[in-house]
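An overview of the molecular structure
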Amino acid sequence: MRSFLYVTDTERNQVSLMDQNRRRPRSVSATAAVTFAVCASLTGLLLLGGAAAARQQGAALPPVTFSLFRGDTGDVTLSGWGSGRAEETKENVLVGDSAIRVTTQGLYQGARIDFKNPVDLSSAFMNPKTYVRLQVRFTTTQTAFDPTNPEFGAKVAAAPFERMRFLLTMADGTQHELVRPVVIPPAEDPDAYVPINFPIAAILKKSGEGNGARPMVTGDAAKLKSLAIFGDKYQQFTIGEINVITDDTDINVEPLEDQIAFVNDSLTFVAIAEGGASTLRYSWDFDAKDGIQEDAVGRVVEHGWRTPGTYKVTLTVSDEDGLKKPQTTSIDIEVAP
Ligand SMILES: [Ca+2]
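Here goes a summary of the coordinates provided. What you see is a predicted model; the values in this text were computed from it and never measured.

What follows concerns the overall build of the chain. Regarding its fold elements, the chain presents 4 helices and 22 strands. For the chain, contacts bridging at least 24 residues in sequence account for 74% of all contacts bridging at least 6.

With that settled, consider unusual backbone geometry. Phi is positive for N92, which is not a glycine, with a value near 55°. Mapped onto the elements, N92 comes out in the loop between β3 (85–89) and β4 (99–105). Of note in this structure, N264 is not a glycine but carries a positive phi near 70°. Its place among the elements puts N264 in the loop between β15 (261–262) and β16 (267–270). The exposed category is assigned to N264, around which 10 C-beta atoms lie within 10 Å.

With that settled, consider the environment of R137. Locating R137 in the fold gives a position in strand β6 (residues 130–137). Discounting chain neighbours no more than four positions away, the residues touching R137 are N92, D191, Y193, F237, T238 and G240.

Among the nonpolar cores identified, the biggest contains 46 residues, and A111, L121, V136, I200 and I229 are the most heavily contacted of them. A111 has contacts with G80, W81, G84, R85, A86, I100, V102, T104, A228 and I229, leaving out every residue within four places of it along the chain.

Reading guide: rules and limits
- Residues numbered from 1 in each chain as written.
- Predicted model: local features only at pLDDT ≥ 70, side-chain atom pairs only at ≥ 80, totals over all residues.
- Helix = DSSP H or I, 4+ residues; strand = E, 2+ residues; numbered from the N terminus.
- Contact = placed C-beta atoms within 7 Å.
- Buried ≥ 20, exposed ≤ 12 C-beta atoms within 10 Å, placed from the backbone.
- Core = buried A, V, L, I, M, F, W, Y, C linked by C-beta atoms within 7 Å.

Laid out in structure tokens, this is it:
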């Protein structure tokens, strides 16, 4: 069911966690083989070091999953940043016995959540597939204009923001700032909680350290003391839960639907793709003859042609953070005179 993309995400995450668990023994046996080879050729003393290095490089990293907020405001101190606010609410609770109501007035006025015990993110920093996932309930809706959505024409959940800003303050005083586009999956229930994710790797990238090799972030520099959350305009919304999750899901794009086209007709193209916790970016080229450019960006786009002929339409889906392999799909459209 396409309309339950969010549910599908969750299922996919669970599947990917299982995949990872299944893969692990294989990695361990690969490590064992390396260890055995090292065993055969080196002295006992070198062997120990070699085995440890092999284990560090070869073995799959275990998935990291833990909670930052699960409906217990006893773990956190809520306050505002600038003229924004964060306060406890008992309405629309997702888990536990309370949720956090946020009032934001722009990218510099928002919610501030201080963790009474700074949360150690070092295991999450070690694994490039970890994300902070906020479950957020917006009260804004939009009309579903996606013809593949069975709720076509109905109200669906929509983010009021184009961008959100997150400011992480660590126990050693370092700060990491992220400003990100907000893309929420289509949800049938306009009042549903929707996931907003940002990869922990993006924090390091922002600091200019995340190119390829992962820097070691340890000690107080890895302990999250405070999380500030902002949207790009005035809005109130509710945060039900904040977790650190591991997402190993590849980007998956469905084939494009065949369409009948006439010259000067405007066709609507709808991308259907999944990418776990990733914020997906949809890039379109409407004529492959001159190469693949970016003619349009968005999940749902419109295009028409002025000259009859056959045109190859190419959709490329990538994740905003470049952490996953982009996927493409294409279709030939016959444009009749
Ligand atoms: Ca082109």
